[in-house]
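Chain by chain, the residues:
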Amino acid sequence: MSINFLQPEYEVVRNMDRCITCRVCERQCANEVHHYNADLDRMVSDDSKCVDCQRCVTLCPTNALKIVKTNNCFKENANWHTSDITDIYRQATTGGVLLGSMGTPKEYPVYWDKLLINASQVTNPSIDPLREPMETRTFLGKKDATIHYDKDGNIITKTTPQLELSTPIMFSAMSYGSISYNAHKSLAMAATKLGIYYNTGEGGLHEDFYVYGPNTIVQVASGRFGVHSDYLEAGAAIEIKMGQGAKPGIGGHLPGAKITEAVSKTRMIPQGTDAISPAPHHDIYSIEDLRQLVYMLKESTNYKKPVIVKIAAVHNVGAIASGIARCGADIIAIDGFRGGTGAAPARIRDNVGIPIELALASVDRRLREEGIRNQVSLVVGGSIRSSADVIKAIALGADACYIATSALIALGCHLCRTCHLGKCNWGIATQVPELVKRLNPAIGSEHLVNLVTAWTHEIKEMMGGMGINSIEALRGNRLMLRGVGLTEKELEILGVKHAGE
Amino acid sequence: MFNAPKEGDVRIPSGCAISGIFSKKGKRFSGEQAIKSITLMHDRSNGLGGGFAGYGIYPEYKDYYAFHLFYDDTIAKKECEEFLEDHFDMINLSKIPTRKIPQITNEPMIWRYFLSPLPTKLAESQLPESEYVAQCVIKVNTTIKGACIFSSGKNMGVFKAQGFPEDVGRFYRLEEYAGYSWTVHGRYPTNTPGWWGGAHPFSLLDCSVVHNGEISSYDANRRFIEMFGYRCTLLTDTEVITYMIDYLHRKQGLGYEKVAHILAAPFWSTIDRMNEKDKAEYTYLRDNFASMLITGPFSIIVGFTGGLMALNDRLKLRSLVVGTKDDMVYMASEEAAIRVLSPQLDSITYPKGGEPFIVTLDKEAYQQCQ
Ligand code: SF4
Ligand code: SF4
């Protein structure tokens, strides 16, 4: 084999005074970085294999380990960064498309960080969430602003089906296959406990998880993996995935290594084969086609479940959303380009799509201009990192947020960005039984419940500070935001004023 | 004279005083009473706005829409009158009588028109009459620069200005009017562009609102209601509240009590404890009109033909008192503002947050006022 010019990205630093050669690191590292050398009676490491997942560091009983970014340096300049150079070396050796996991690591503006939240002073009192009710209950689904009466003049209270959430947060689509059984179980248990929803992604629904159906959103993606009538019936809502923020315009890819027996059964595909879902649904080439699928799904579930259409944030997303609202969808989910992924071509992940903040603001504005904003709910995802991001999203016009990466981090993910290798040391993005076991669903779900509960507390505190005691009064309330360091154009698209105005 | 920025350019958080007086028997009494009540709450205003709404004040023209207008200049007047001529039969027009007093300055041209929609135009529009009139009002207020229709109901009228409310009352010679219902407002904006149109009451058709408080849901409410043809040009909380009431009551046919239960919706915990029928209805209303929930402090008095409604925000962050004596009902920010009119009361209540207090004319009186 010719040399590949690549150098290890990380170095394993072992404090020899502390290392007791217990070999925990060796057992914990699925990437086979650590070895015990009997001749030397000490641990040695192969730095080139380390992905910096921090598993060995966390579990080392004597704190003997740390992983550092190598300070070996390429001769970088303002144009050529180490990542550009190494990517070329990689492609020159393999001739392949480079895959990456999780959201783009590139430095694009994060608009959440350039928006500040309002607080009341004097003229409008803040509300103390410890003394007063602070409501975060959210309903997703089509609303009708025209009241219909029966012949006796009573209000007809029947509505199109709604999803009821205790707090405006849901776990975004992650398929069984891309994540482990235990990760899925953690999400399902937590969603049930919290009174929110998790989403199957395009991997179908493992038979053990049907019990969590009332808190499950089942996804229908282009590959239709695991889609059958029981599956559609099992969930509380059905999501049609047209696009994903990390990889707009392309479909999904689950490497064959992750298609174990259980995954293959759930997905209804042969074991060990790559699961490739195409970019387009091959029966949807227009908005009218989408309408047909929306109604086909409604029809086949007796109009009992809201239908979500998920799209990636792209140019002209306002017009696209308007079309989707008019094609019968009850909820539109928009996924921003910073959103995570189990595996995507890195070049697409890093260059295609637009930030969720801008997409959300323009969709909300467009739907209001057309007078149809209430006819569809908006759920946004794509790197929601904290309760403050949730507040800002709602003030920009979202009904609720989808979180995925944040949820995985709560389960222990250390963002090593190598989910596509299937060797997740934290038992999350893997199907290797010994690794899967590392995530205990009881503990995992507790962490998720804690995370969402903590965020909800923070949301209530911030709402109280704004003098708002119900989440609906924050929805689309852009006066509660101010921009800092944004251009006129950015402020115009976001529909917010600059700080000081 | 009108170089100062107007509402719409500047947002004004307000404090304020409100008062409402109502005769269930439809006895008509002068605006003097309202002036007396609001004078007592002088310190709740800061001289930057005051106003009144009187119901039953134009019995001789009760079948016509009474438009009250502010004009910045004669160009605006000409343009607006052309529009009105185009859309209405003009039964009568005049300057609204005022009295020169040193406390009120910078007055615009203040005119009054009694109008009836042009039958042909109305038929052409294919709209119900009230909607036709409402759309004409919104059209003038959003498109004719320097013209503001600040009152547009039948047999009622709004009188407002920049100044302390008691001075505004004297300026408009309200002792010369008699109505069965009056509301009044003294304004305490913390910053003002000082424009007459921004004073309260804010009204559309016969619905008028006086309001104490600054709502934190303003932009959520505004961005929702604007989907239904309304334009919030003044950026005041009162304006958006008026439009929401107009939408829910006039366009959706909800009674005022239900309207109140959307604007100041019961908490979910309360709804959860209701019987199945009520629960279904309240859940429906709260879910479908979620964006019309008002948060932040408010006490409002809503005037409408034949009735008054007092409503507090659901946390009761602002004061509001209701007193009754014989057929008279009094509502005010302070009990003293009621006692000054009627020291002896049959009852005095402090409506709970979110629980509307609604009073309407006795049946006979209502028929008379129609
Ligand atoms: S891959 Fe993870 S477990 Fe292995 S050496 Fe690196 S940090 Fe440690
Ligand atoms: S899920 Fe696992 S593999 Fe993926 S980034 Fe997180 S720790 Fe790494």
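Quantities reported herein were computed from a predicted structural model and do not represent experimental measurements.

**Points about the nonpolar core**
Core analysis: the biggest nonpolar cluster contains 122 residues, and B:Phe67, B:Tyr172, B:Ile225 and B:Ile245 have the highest contact counts within it. When sequence neighbours within four positions are dropped, the list of residues in contact with B:Ile225 reads B:Tyr230, B:Cys232, B:Val240, B:Tyr243, B:Met244, B:Tyr247 and B:Met292. Listed in part, the 101 residues of the second largest apolar core include A:Tyr212, A:Ala321, A:Leu396 and A:Leu474.

**Remarks on the packing of helix α4 (residues 181–194) of chain A against helix α14 (residues 441–466) of chain A**
All names here are of chain A. Across the interface, α4 lies against α14 with an axial gap of 8 Å and an inter-helix angle of 45 degrees. Comparing the axis directions of α4 and α14 gives the class oblique. Handedness of the α4/α14 crossing: right-handed. In contact with Asn182, Lys185, Ser186, Leu187, Met189, Ala190, Lys193 and Leu194 of α4, α14 contributes Pro441, Ala442, Gly444, Ser445, Leu448, Val449, Val452 and Thr453. Here the residues of the contact of α4 with α14 are counted per class, giving 9 nonpolar, 5 polar and 2 charged.

**Details of the interface of chain A and chain B**
Listed by partner, the interface residues are 43 residues for chain A and 41 residues for chain B. Here chain A and chain B share an interface that buries about 3500 Å² over both sides, 55% of which is from carbon and sulfur atoms. For A:Glu135, the salt bridge identified is with B:Arg286, shortest N-O distance 2.6 Å. Summed over the shared surface of chain A and chain B, the result is 25 residue pairs in polar contact (both at pLDDT 80 or more). It is helix α10 (residues 356–369) of chain A that contributes the most residues to the side of chain A that touches chain B, 4 residues altogether. Among the residues making up the side of chain A that touches chain B, the classes are represented as 17 nonpolar, 14 polar and 12 charged.

**Digging into the sheet that holds strand β7 (residues 147–151) of chain B**
Residues and elements named next belong to chain B. Across the sheet, which stays open at both edges, the 4 strands sit in the order β5-β6-β4-β7 with antiparallel pairing between neighbours. The open sheet has two edge strands with one neighbour each: β5 (88–95) and β7. Taking the axes of each pair of neighbouring strands and ignoring which way they run, one obtains an average angle of 30 degrees across the sheet. Sheet analysis places strand β4 (residues 65–71) next to β7, joined by 4 bridges and oriented antiparallel. Each bridged residue has a counterpart across the sheet, and for Phe70 the counterpart in β7 is Cys148. Together, β4, β5, β6 (109–117) and β7 form the strand contacts of helix α4 (residues 129–143), whose direction differs from that of β7 by roughly 140 degrees.

**Thoughts on the layout of surface pockets**
Residue and element names in this part refer to chain A. Of the pockets and cavities examined, the largest pocket occupies roughly 1600 Å³. Lining the largest pocket are 43 residues, and of these Glu9, Tyr10, Thr86, Asp87 and Arg90 sit closest to its centre. Top contributing element to the lining of the largest pocket by residue count: helix α3 (residues 82–94), with 5 residues. Its residues placed into classes, the lining of the largest pocket shows 14 nonpolar, 14 polar and 15 charged.

**Examining the site of ligand 1**
Every one of the 13 residues lining ligand 1 counts as a neighbour, but A:Cys29, A:His34, A:Cys50, A:Cys53 and A:Cys56 are closest to it. In terms of residue class, the shell around ligand 1 is made up of 7 nonpolar, 4 polar and 2 charged.

**Section: the sheet that holds strand β13 (residues 299–304) of chain B**
Residues and elements named next belong to chain B. Ordered by their spatial adjacency, 5 strands build an open sheet running β11-β12-β13-β14-β18, and the pairing between neighbours is antiparallel. Two strands lie at the open edges of the sheet, namely β11 (202–204) and β18 (357–360), each paired on one side alone. On average, each strand axis in the sheet is inclined to that of its neighbour by 15 degrees, with strand direction left out of account. Pairing between β13 and strand β14 (residues 307–312): 6 bridges, direction antiparallel. Residue pairing across strands places Ser299 opposite Asn312, the latter belonging to β14. Along the sheet face, helix α7 (residues 237–251) touches β11, β12 (207–212) and β13 and points at about 140 degrees away from the line of β12.

**Remarks on the environment of A:Ile331**
Residue and element names in this part refer to chain A. Within the fold, Ile331 resides in strand β16 (residues 331–335). Along the backbone, Ile331 and Arg438 are 107 residues apart, and their C-alpha atoms lie at a distance of 36 Å. Not counting the four nearest positions on each side in its chain, Ile331 is found in contact with Leu140, Gly141, Leu163, Pro306, Val307, Ile308, Val309, Val376, Ser377 and Val379.

**A word on the site of ligand 2**
Taken together, the neighbourhood of ligand 2 is formed by A:Met102, A:Cys413, A:His414, A:Leu415, A:Cys416, A:Arg417, A:Thr418, A:Cys419, A:Cys424, A:Trp426 and A:Ala429. Broken down by class, the residue content of the shell around ligand 2 amounts to 8 nonpolar, 2 polar and 1 charged.

**Quick notes on empty space enclosed by the protein**
This structure, assessed with the given rule, holds 12 cavities of 30 Å³ or more. What the largest cavity holds in volume is close to 580 Å³. Forming the walls of the largest cavity are 41 residues, and the residues nearest its centre are A:Ala173, A:Met174, A:Gln244, A:Thr341 and A:Gly342. Sorting elements by how many residues they give to the lining of the largest cavity places helix α12 (residues 405–411) of chain A first, with 3 residues. Considered class by class, the residues forming the lining of the largest cavity number 15 nonpolar, 19 polar and 7 charged. Looking at the second largest cavity, its volume works out to about 150 Å³. Around the second largest cavity, the lining is made up of 15 residues, and of these A:Lys143, A:Asn374, A:Asp399, A:Arg475 and B:Ser291 lie nearest the centre.

**Focus: unusual backbone geometry**
For the bond from B:His200 to B:Pro201, the omega torsion is 0 degrees, close enough to zero to count as cis. Although it is not a glycine, A:Met102 sits at a positive phi angle of roughly 60 degrees. With respect to the helices and strands, A:Met102 occurs in the loop between β5 (99–100) and β6 (115–117). If you check the backbone angles, A:Arg417 has positive phi at about 65 degrees while not being a glycine. Here A:Arg417 lies in the loop between α12 and α13 (433–436). Looking at A:Arg417, the relative accessible area reads 28%, which means it is partly exposed.

**Some details on the confidence of the model for chain B**
Averaged over all residues, the pLDDT of chain B equals 91, while 94% of them reach at least 70. Reported for the predicted complex are a pTM of 0.93 and an ipTM of 0.91.

**A closer look at the pattern of salt bridges**
Residues and elements named next belong to chain B. Per the stated rule, a full pass over the model turns up 46 salt bridges over all chains. With a closest N to O distance of 3.3 Å, Lys251 and Glu131 form a salt bridge. On the criterion of sequence distance, the pair formed by Lys251 in helix α7 and Glu131 in helix α4 is long-range, its members being 120 residues apart. We classify Lys251 as partly exposed; its relative accessible area is 30%. Look at Glu131 and you get buried, because its relative accessible area is 12%.

**Observations regarding the packing of aromatic side chains**
Residues and elements named next belong to chain B. According to the stated counting rule, one finds 25 aromatic pairs over all chains in the structure shown. Pairing Tyr58 with Phe114 gives two aromatic rings, centres 4.9 Å apart and planes at 90 degrees, and the pair type is edge-to-face. Residue Tyr58 is located in the loop between β3 (50–55) and β4, and its partner Phe114 is located in strand β6; the two are separated by 56 residues in the primary sequence. The same class applies to Tyr58 and to Phe114, which are both buried. On the basis of an interplanar angle of 35 degrees and a centroid distance of 4.7 Å, the ring pair of Phe228 and Tyr247 is categorised as tilted. Taken together, the positions of Phe228 in the loop between α6 (218–225) and α7 and Tyr247 in helix α7 put the pair 19 residues apart, joining distant regions of the chain. Each member of the pair, Phe228 as well as Tyr247, carries the same accessibility label: buried. Taken together through their ring pairs, the aromatic side chains of Tyr58, Tyr61, Phe70, Phe114, Phe150, Phe159, Phe171, Tyr172, Tyr177 and Trp196 make up a single cluster. When the ring centre of Phe267 is taken as origin, the NZ or CZ atom of Arg314, which lies over that ring, is 4.0 Å away.

Basis of the calculations
Residues numbered from 1 in each chain as written. Chains lettered and ligands numbered in written order. Predicted model: local features only at pLDDT ≥ 70, side-chain atom pairs only at ≥ 80, totals over all residues. Heavy atoms only, no water. Core = buried A, V, L, I, M, F, W, Y, C linked by side-chain atoms within 4.5 Å. Buried < 20%, exposed > 50% of the residue type's maximum accessible area, 1.4 Å probe, protein only. Contact = heavy atoms within 4.5 Å. Axes fitted to C-alpha atoms, helices over the stretch in contact; angles between N-to-C directions. Helix = DSSP H or I, 4+ residues; strand = E, 2+ residues; numbered from the N terminus. Parallel < 35°, antiparallel > 145°, perpendicular 65-115°, else oblique. Left-handed = near helix turned anticlockwise from the far one by under 90°. Nonpolar A, V, L, I, M, F, W, Y, C, P; charged D, E, K, R; others polar. Buried area = accessible area lost by both parts, 1.4 Å probe. Salt bridge = Lys/Arg side-chain N within 4 Å of Asp/Glu carboxyl O. Polar contact = N/O pair within 3.5 Å; in protein donor to acceptor, adjacent residues only side chain to side chain. Pairing = 2+ DSSP bridges. 1 Å grid on protein atoms, 1.4 Å probe; cavity = no way out; pocket = protein on both sides within 12 Å on 5 of 7 lines; lining within 4 Å. Points joined across faces, edges and corners; volume = space filled by probe spheres on them. Near = heavy atom within 4 Å. pLDDT = per-residue confidence, 0-100. Phe/Tyr/Trp six-rings, centres within 6.5 Å; stacked < 30°, edge-to-face > 60°. Lys NZ or Arg CZ within 6 Å of the ring centre and 35° of its normal.

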